[in-house]
Every structure is written in C-alpha cells, then in structure tokens.
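# Report on the structure
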Amino acid sequence: MTGAILNFAKIRDDREKCRRLLLVFDSLTPKAQNGFFSYMRRQRDAILMADTFLELCERSGDDAAVEQQQRALAAKLSAFFPDRVKLESSLAQLAGLRDNDVYAGLRQTMDVRSDIKTVRKCQKSALKRLASLAPNLLDTTAPLWKCAGLTTINRVLVPYLIENASASRQGPFHGAAVTLLNYTVEVFPEMLELSKDELFAVEGLQARDASAVEERLKLMVQFAKAVPNAVPRSTDLENRLAALVRSGTVAQAKRAAFVVTQMSGAADLCAALTGDVVDCLDDAKLERRAPAFAALSRFALHAPAAYATYAERISQFLVQMALTDAEAEANMDAGDAEWEAREQLSDMGLARVYAVKILAHWLAGMERSSVTREIVQMVMGTLRQLVRGSGFGRSAVTQHCVLVAASSMLKIAGRGHLERAVGVADVQSLALVVQDATFEVRSSFLLDKLVPALASRRVHARFIPLVFLAAHEVEPGVLDHVRHAVEQRLSQFRPTPGSPSLVESSLPRLLHILAHHPDWDDAEPLRTLELFAHYVDFYISCVCSAQNVSLLFCLAAKVKSARSKVQGGQQTQRLYVLSELAQFLLREKSKAANWPVNVYPGELQLPDDLFEMVDGTDQMRESYLDPEFVALRSKTSGSGAKRTRTKPKRVAKPSKKSRGKQPQVDSDSDAMDQVSDN
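These figures come from a predicted structure and were not determined experimentally. The residue numbers shown here count from 1 along each chain, following its written sequence. Where local features are concerned, this predicted model is filtered to residues with pLDDT of at least 70; where side-chain atom pairs are given and counted, the filter is 80 or more; whole-chain, interface and lining totals use all residues. In computing side-chain properties, one takes all heavy atoms of the structure into account and sets aside hydrogens as well as water.

### Brief notes about the overall build of the chain
- Numbered from the N terminus, helices here are DSSP runs of H or I no shorter than four residues, and strands are runs of E no shorter than two. Broken down by element type, the chain carries 34 helices and two strands.
- Here the chain holds 678 residues, and the buried ones make up 53% of them.
- Using the Shrake-Rupley algorithm and a 1.4 Å probe, accessible areas are obtained, with residue cover drawn only from the displayed protein chains. Split by element, the accessible area of the chain, about 30500 Å² in all, is 49% carbon and sulfur. The rule is simple: take the accessible area with a 1.4 Å probe, protein chains only, and divide by the maximum for that residue type; under 20% is buried, over 50% is exposed, in between is partly exposed.

Right, here's the structure in full:
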C-alpha cells in the first residue's frame with residue numbers, strides 16, 4: 001500500500017496525494033483499516049527507537065555506556081522485523097561507520113516536520129552515501145528505512161484531511177478523513193500541532209450539521225489531550241466555544257468545555273461559563289439540564305478552582321439526583337431494563353448520569369490541600385450506594401450510573417493523594433461490577449476502564465485480581481482480551497528486577513476477594529468449590545508457568561499462616577479452603593505439564609492491608625478442602641472426561657436473590673480518615 005498502490009512519487013500536488021490516500025483507505029475493509037492503524041503505531045514505535053539509535057550514533061566515540069545503549073536499542077528495534085538477527089548485526093555495523101551525514105539524513109526522513117518531498121530527498125541522499133560506505137547494509141536495513149520514512153501519513157496531508165473531515169457527511173471521503181485524523185492525532189499528534197491553525201479554525205465550529213461540529217470538537221479534544229498546553233487562543237474561538245457550552249448539544253457542550261479548560265490563561269472564561277452552567281440547573285431551564293451537567297462535569301475535573309465557587313451550593317442537589325431512580329421505583333418487579341446507549345437516554349436520564357460524573361470529578365480534580373473528610377464521605381458514599389446498590393429492576397439510566405460510579409472509583413484511586421479513599425470494601429464491590437448482570441456494564445468496565453488503567457499503571461496493583469473475576473464470562477472474546485492483557489502487559493510489571501511480578505503477587509489478593517464473594521455458600525460446599533475452582537483455574541491458565549509454579553504454590557500455602565483483617569472467623573476459614581484449593585489446582589497443573597514444584601527460595605510477604613500473621617500451626621496441619629471435591633476432580637481429570645461447569649448466579653442467570661447479595665465487608669471509614677488527614 002505504501003508503495004505501488006499509493007504511488008505518491010508520481011503525484012506532485014499534495015491535495016491529490018491526500019485524495020489518493022483517502023480513496024485507497026476508504027476501499028479497505030474494517031479489518032484492513034485496523035491493520036493500517038497497527039502499521040502506523042508500529043511505525044511510530046520504530047521511529048522513536050530508530051531516531052534515538054541514530055542520535056546515539058552521532059554522539060558515539062569511545063564511550064562504553066553509549067555503545068551499550070546502542071546495542072540494547074538495536075536489539076529492541078530489530079524485534080519489529082522478520083530477520084531479527086541479520087538486522088541487529090547490520091545496525092551494529094551501521095553504528096561503526098561513524099558517518100554523521102548518513103545518520104542525520106536518515107533521521108530527517110522520520111522527522112514529523114519533514115514534508116514528503118524532503119523525506120524522499122533525504123532518504124535518497126543518505127542511502128546513496130550508505131551505499132558508498134557499506135553496500136552490504138542497503139538490503140539488510142531497507143525494511144527499517146521503508147517503515148520509518150514518513151511517506152504515507154505526512155504533515156502536508158493533514159490540512160487536506162481536516163478539509164475533507166469538515167465537509168458534509170454526504171461528502172465522498174468524510175468518514176475516511178475523520179477516521180484517519182483520529183488515527184493521526186493518536187499516533188502522530190505533532191503533525192496536527194503543525195496544522196493546529198486549520199484544526200482550531202472557527203469556521204469548523206460553525207457548520208449547520210451538529211454532528212460535524214461534534215466531530216471537529218472531538219478531534220480538538222484528542223489533540224488537547226495528546227499535546228498539553230498547545231490549544232491556541234483567540235477571541236473568536238473563545239466566543240464560539242462559549243456559545244457551544246451555553247447552547248450546544250450534550251456532546252458539543254461537554255467537548256467545548258474541555259477545550260476551554262485547556263486554553264492557557266482562560267481561567268476567567270472557565271469561571272464565567274461555570275456560573276452560567278450552574279444557572280441552567282434552575283427548574284425553569286430543564287431543557288438545558290443534560291448539556292449543562294455534561295459541561296459542568298468537565299469544569300469540575302479540569303477547572304477545579306472555577307467549580308469550587310459553586311460546589312457547596314449544588315453538591316447536595318447532585319447527590320439527591322444521582323441516587324434517585326424514579327423509573328426503577330415504578331418497575332420494582334419488572335427486572336432490569338434493556339441496555340440503551342447513552343445517547344439514547346432521556347434528557348433527565350443523561351443529567352442523572354452526569355450528576356454522578358460531576359461529583360466524582362469534583363473529588364478527583366481537587367488538590368491535596370483542598371480535600372476534606374466531608375467531601376470524601378459525600379462523594380464516595382454516593383458512588384458506593386450506586387455500586388453496591390441491592391435494588392432490583394434497574395432502569396437503563398441506573399445501569400449507566402453504576403458503570404460511571406465504578407469507573408469513577410478507578411479514576412479517584414489513580415490520584416495519588418486519594419488512593420486510600422478507595423478501600424478494601426470498594427475493591428470487593430468492584431469485583432461484582434466485573435460480574436454485573438448486564439453485559440454492557442461488566443464488559444465496558446472491564447475492557448474499557450479496568451484493563452487500560454492497569455496496563456498503563458494508573459491504578460495500584462491491588463486491582464489486578466479483579467480481571468480474573470471474569471472467569472465465568474459467557475462471551476469468549478472478553479476472556480481472550482483479558483488473557484492477552486495479562487500475558488502481554490501485566491505479567492511484565494515487577495517492583496524490582498528479579499522479584500515476583502505484580503500478577504504473581506496478586507494471588508493472595510485474589511483468594512481474599514473470593515473468600516468474601518457473595519456467591520460462597522457454606523451450605524453447599526461441593527457446588528461452591530466447583531464454582532470457585534474456575535476462578536483459580538483461569539488465573540493459573542493466564543499466569544502459571546514452569547518458571548513460577550513453585551512461587552505460586554508457596555504464595556497459596558502462605559495464606560494458611562495468616563488471617564483476614566476484614567471481618568473474622570468465617571472469611572478466614574474460607575481463606576484456608578481457598579488456599580488448599582489453589583495448592584491442589586497448581587499441583588494438578590504441574591503434574592499435567594510435568595513441571596517440578598520445589599520450595600521457593602525467596603522470602604514472601606502477604607499484603608499487610610488484607611492479612612495479619614498468626615501464631616501456631618494448628619491451621620497448617622488441619623485439612624480444609626472437601627475430600628469429595630478432591631475425589632471428583634481427580635476422577636474427572638484422570639479420565640479425561642469433560643467437566644460440568646457451575647456458573648455464578650450474577651453472570652449466568654441474574655436473579656433477585658443474587659442481585660441482593662453483597663460482599664460481607666466493613667465500611668471504609670478508616671480509609672476516609674487517612675485521606676482527610678493527608
């Protein structure tokens with residue numbers, strides 16, 4: 001595609017090059033378009049490493065440290081390409097040439113400021129020079145220079161992409177241009193920075209088509225997030241954005257408010273708009289309530305000083321609105337309503353969803369010095385009531401509120417000075433959101449909020465066990481996504497080199513969550529063990545290997561030498577059952593794979609927020625695992641017969657009884673005390 005199909009070399013006019021790119025991209029299938037996006041991300045990663053490598057080559061002399069960095073980068077860079085060994089060797093030879101003309105020319109080809117003509121000119125010149133010095137390197141390094149050269153997506157095409165995206169929806173390439181711009185702002189935001197005058201042109205926000213204005217604002221928001229402090233400021237732009245906040249649609253008001261908060265020196269405008277929006281909460285202006293709430297949610301998070309003036313005035317009103325579900329109260333026996341997309345909710349329903357967001361953003365946006373115990377209690381109390389709510393017959397609005405409340409807890413936990421506000425009981429509650437009866441709620445929370453937050457390390461590792469609560473998910477694609485995230489991202493995180501990974505260390509936390517799970521039924525031990533064995537099996541399938549089976553076995557065994565800090569005897573007894581269950585399943589896995597289980601040589605510690613060590617060895621000697629389960633499991637695994645799978649009530653068959661069960665955990669008043677004291 002980047003060569004013969006686009007064939008930019010024969011097209012001189014940049015507008016025509018853009019048209020050619022859009023024509024080709026628009027003809028691709030959705031799968032092929034995703035492949036093109038993957039190519040762009042791979043190109044970005046290759047450029048970052050190749051540019052750093054060539055910069056080191058320009059600086060290298062006899063510095064051993066620089067040479068070591070070069071070798072490390074060459075190894076990482078070559079992993080992007082099929083013939084890894086040959087490319088790595090060639091890059092080492094390239095570094096040995098010590099020719100800055102070659103290095104500078106190749107770096108110019110991957111500079112986002114270079115136009116296509118400059119890229120090709122520098123590429124030709126640098127490779128010609130390379131051919132004269134080491135002709136054997138031309139073929140072996142060609143895949144790298146072809147990938148890194150910015151000849152497909154280039155800064156000169158961005159203004160024309162913006163032009164096509166701003167055209168009517170009926171335009172031939174409107175959709176393709178919008179998609180490509182979204183890709184570009186995510187992968188190469190610097191290119192849009194070079195064309196930000198076109199991006200932030202007021203004319204793009206004056207289209208009659210409301211959806212076109214929303215899409216332009218969405219692109220502005222993406223740019224503002226990718227390139228902080230780069231939003232241009234002008235009187236015309238401020239006036240237009242202010243008008244959209246005051247009178248635009250929900251999407252327009254929300255996005256315009258965010259863009260305003262990202263303008264340098266716009267504090268007075270933020271304060272004025274926040275005051276105008278608060279005035280729209282008057283009952284006389286109900287038709288503007290949802291857009292007003294949407295805009296206010298952005299001011300609360302990104303302009304906290306402006307929002308603080310009105311926070312006390314409207315906070316109780318927001319709490320009352322967030323917790324009132326008139327639709328559900330009228331349909332207590334009807335069961336949960338069908339899921340509806342957020343944009344399909346009524347104006348009042350949307351206002352209620354955004355009321356939850358405003359409260360959460362108010363707390364999340366606060367500086368440490370502004371946080372008080374009262375505010376934490378008010379906000380976290382509201383979120384907890386939504387997440388732990390035991391009501392049945394939830395309306396579509398309440399389903400959205402539960403999702404927003406759970407997601408907001410993660411956002412708050414990601415703020416360092418507020419991390420303790422989300423306590424052990426809250427983590428237990430979020431485990432049930434992963435298993436919510438509504439697929440859209442549980443999948444959105446798990447895949448769109450929890451997994452990205454963990455993969456980017458925005459939240460503490462204590463949330464890792466939540467992903468394994470998806471073990472009974474009926475949609476296989478969700479499990480595949482979780483497994484990929486664990487194996488490819490989360491398992492790579494280690495506190496220190498050589499120490500257990502964060503996923504490995506999370507096994508005791510997983511057992512603790514399971515010990516407090518509402519589906520545990522002491523009256524039916526066999527069924528309970530069959531149900532909970534699947535969680536541990538899923539964890540083992542994602543995490544366990546020949547290298548760490550001994551570590552995991554020792555971690556599981558160590559749980560029997562402690563007791564739960566959360567509540568007492570009953571949960572601790574369950575912990576011992578789960579400890580033996582995990583050991584049994586790990587032993588079963590090791591035997592099937594022929595892995596040895598040895599004594600782990602290192603010192604292991606259990607999480608001190610969940611466990612406290614106990615004296616005595618009575619519990620270590622006593623057996624807690626039901627012999628009937630052991631016999632049944634051994635018989636099934638030995639015969640190769642297919643096991644019957646017990647499913648949790650919450651995911652498989654949501655019922656009034658299962659919705660009413662809640663984790664048996666204490667309140668988090670101590671956690672709130674700690675936060676307010678910071």
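### Quick word on the pattern of salt bridges
- Any Lys or Arg side-chain nitrogen located within 4 Å of an Asp or Glu carboxyl oxygen qualifies as a salt bridge. For the coordinates displayed, the defined rule picks out 24 salt bridges.
- Note that glutamate 612 and arginine 563 form a salt bridge whose closest N and O atoms lie 2.9 Å from each other. With glutamate 612 in strand β2 (residues 611–613) and arginine 563 in strand β1 (residues 562–564), this residue pair connects regions lying 49 residues apart in the sequence.
- One connected set of salt bridges, linked through shared partners, spans Asp51, Glu58 and Arg107.

### Quick look at unusual backbone geometry
- One non-glycine residue, asparagine 229, lies in the positive phi region at around 60°.
- Positionally, asparagine 229 belongs in the loop between α12 (210–226) and α13 (235–247).
- One non-glycine residue, asparagine 594, adopts positive backbone phi at about 60°.
- Mapped onto the elements, asparagine 594 comes out in the loop between α29 (569–593) and β2.

### Focus: the environment of leucine 386
- For leucine 386, the position within the fold is in helix α20 (residues 373–388).
- On a C-alpha basis, the gap between leucine 386 and leucine 323 in space is 7.2 Å, while along the polypeptide they are 63 residues apart.
- What makes two residues a contact is simply this: any of their non-hydrogen atoms within 4.5 Å. Not counting residues within four places of it along the chain, the set of residues in contact with leucine 386 comprises Ala322, Leu323, Arg352, Val356, Cys401, Val402 and Ala405.

### A word on the packing of aromatic side chains
- Here a Phe, Tyr or Trp ring, Trp counted by its six-membered ring, pairs with any other such ring whose centre lies within 6.5 Å, and the pair is stacked when the planes are under 30 degrees apart, edge-to-face when over 60, and tilted otherwise. Under the criterion given, the structure shown has 13 aromatic pairs.
- Aromatic side chains tryptophan 520 and phenylalanine 532 sit 5.0 Å apart centroid to centroid with 65° between the ring planes, which places their arrangement in the edge-to-face category. In this pair, tryptophan 520 sits in the loop between α26 (507–515) and α27 (525–543) while phenylalanine 532 sits in helix α27, placing the two residues 12 residues apart along the sequence. Each member of the pair tryptophan 520 and phenylalanine 532 is classed as buried.
- Note on phenylalanine 532 and tyrosine 535: the rings are 5.5 Å apart at their centroids and 65° apart in plane angle, and the pair reads as edge-to-face. Here phenylalanine 532 and its partner tyrosine 535 are both found in helix α27, three residues apart, which amounts to about one turn of the helix.
- Taking the relative accessible area as the measure of exposure, phenylalanine 532 reaches 0% and is therefore buried.
- Put simply, the rings of Phe25, Phe36, Phe37, Tyr39 and Tyr183 pair up and form one aromatic cluster.
- The rule for a charge over a ring is simple: NZ of Lys or CZ of Arg within 6 Å of the ring centre, and within 35 degrees of the ring normal. The ring of phenylalanine 81 carries the charged tip of arginine 42 above its face, separated from the ring centre by 5.0 Å.

### Quick word on the packing of helix α17 (residues 304–323) against α20
- The interhelical angle for the contact between α17 and α20, taken along N-to-C directions, is 5°, at an axis separation of 10 Å. On the basis of the axis angle, α17 is roughly parallel to α20. For the pair α17 and α20, contact is made by Ser315, Gln316, Val319, Ala322 and Leu323 and by Met378, Thr382, Gln385 and Leu386, respectively.
- A class-by-class count of the residues in the contact of α17 with α20 yields five nonpolar, four polar and no charged. Every angle, taken between N-to-C directions, lies between 0 and 180 degrees, and every axis is a line fitted to C-alpha atoms, over only the stretch in contact when it is a helix. For classification purposes, an angle smaller than 35 degrees is called roughly parallel, one larger than 145 roughly antiparallel, one from 65 to 115 roughly perpendicular, and anything else oblique. Residue polarity is assigned by list, with Asp, Glu, Lys and Arg as charged and Ala, Val, Leu, Ile, Met, Phe, Trp, Tyr, Cys and Pro as nonpolar; anything else, Gly included, falls into the polar class.

### Comments concerning the environment of proline 525
- The residue proline 525 is located in helix α27 in this model.
- Put simply, proline 525 and leucine 625 are 100 residues apart on the chain and 9.3 Å apart in space, counted from C-alpha to C-alpha.

### Considerations on the packing of helix α16 (residues 289–302) against helix α19 (residues 347–364)
- Orientation of α16 relative to α19, taken along the N-to-C sense of each, is 10°, at an axis distance of 8 Å. When the axes of α16 and α19 are compared, the pair comes out roughly parallel. Across the interface between the two elements, Arg289, Ala290, Pro291, Phe293, Ala294, Leu296, Ser297, Arg298, Ala300 and Leu301 from α16 touch Asp347, Met348, Leu350, Ala351, Tyr354, Ala355, Lys357, Ile358, His361, Trp362 and Ala364 from α19.
- Grouping the amino acids of the contact of α16 with α19 by side-chain chemistry returns 15 nonpolar, two polar and four charged.

### Re the nonpolar core
- What is meant by a nonpolar core is a set of buried Ala, Val, Leu, Ile, Met, Phe, Trp, Tyr and Cys residues, joined one to another through side-chain atoms within 4.5 Å. Formed by 224 residues in total, the largest nonpolar core has its most connected members in Leu94, Leu446, Leu450, Phe463 and Phe468.
- Filtering out sequence-adjacent residues up to four positions away, phenylalanine 463 remains in contact with Leu410, Ala413, Val422, Val427, Leu430, Leu450 and Leu454.

### Some details on the side chain of arginine 216
- Residue position: arginine 216 is located in helix α12.
- Positive charges come from Lys and Arg alone, negative charges from Asp and Glu alone, with His and the N- and C-terminal ends not counted. Buried charged residue arginine 216 carries no salt bridge. Nearest counter-charge: glutamate 203, at 7.2 Å.
- For this analysis, a polar contact is any N or O atom pair within 3.5 Å, provided that within protein one partner can donate a hydrogen and the other can accept it, and provided that sequence-adjacent residues contribute only side-chain to side-chain pairs. Only 3.0 Å separates the side chain of arginine 216 from the backbone oxygen of leucine 199, close enough to count as a polar contact.

### Topic: a positive patch on the surface
- Patches draw on residues past 30% relative accessible area with no salt bridge. Two like charges within 9 Å are joined, as are two nonpolar side chains (Val, Leu, Ile, Met, Phe, Trp, Tyr) within 5 Å. Throughout, a charge is located at the NZ atom of Lys, the CZ atom of Arg, the CG atom of Asp or the CD atom of Glu. Taken together, the side chains of Lys225, Lys411, Lys449 and Arg458 make up a positively charged region of the molecular surface.
- Checked against the element boundaries, lysine 225 lands in helix α12.
- Under the relative-accessibility criterion, lysine 225 is labelled exposed at 58%.

### Remarks on helix α7 (residues 136–148)
- The quantity called bend is, for any residue, the angle between two axes fitted respectively to the seven residues ending at it and the seven beginning at it. At alanine 142, α7 shows its largest kink, close to 50°, and the proline proline 143 lies no more than four residues downstream.
- For α7, every residue scored as buried is listed here: Leu137, Thr141, Leu144, Trp145, Cys147 and Ala148.
- Against α2 (30–59), α3 (64–78), α4 (84–97), α5 (100–109) and α6 (116–133) lie the buried residues of α7.

### Focus: α19
- Taking 1.5 Å as the rise per residue, α19 with 18 residues should run 26 Å; its terminal C-alpha atoms sit 25 Å apart, in good agreement.
- When you tally the buried positions in α19, you get 16 out of 18 residues, the bulk of the element. Expected span, for any helix, means 1.5 Å times one less than how many residues it has.

### Here we look at the side chain of serine 443
- By the secondary structure assignment, serine 443 is in helix α23 (residues 439–455).
- Here the side chain of serine 443 touches phenylalanine 439 through a polar contact of 2.8 Å, landing on its backbone oxygen.

### Regarding the confidence of the model for the chain
- Of the residues in the chain, 88% reach a pLDDT of 70 or more, and the chain-wide mean stands at 86.
- Per-residue confidence from the predictor is reported as pLDDT, which spans 0 to 100. Counting contacts from residues 652–678, a segment whose pLDDT is below 50, to residues more than four positions away or on other chains yields 70 contacts.

### Focus: the environment of leucine 510
- Along the chain, leucine 510 falls in helix α26.
- Given a relative accessible area of 0%, leucine 510 falls into the buried group.
- Each C-alpha atom, one on leucine 510 and one on arginine 462, is 9.1 Å from the other, the two residues being 48 residues apart in sequence.
- If we skip the residues at most four places from it in the chain, leucine 510 touches Pro465, Phe468, Leu469 and Tyr539.

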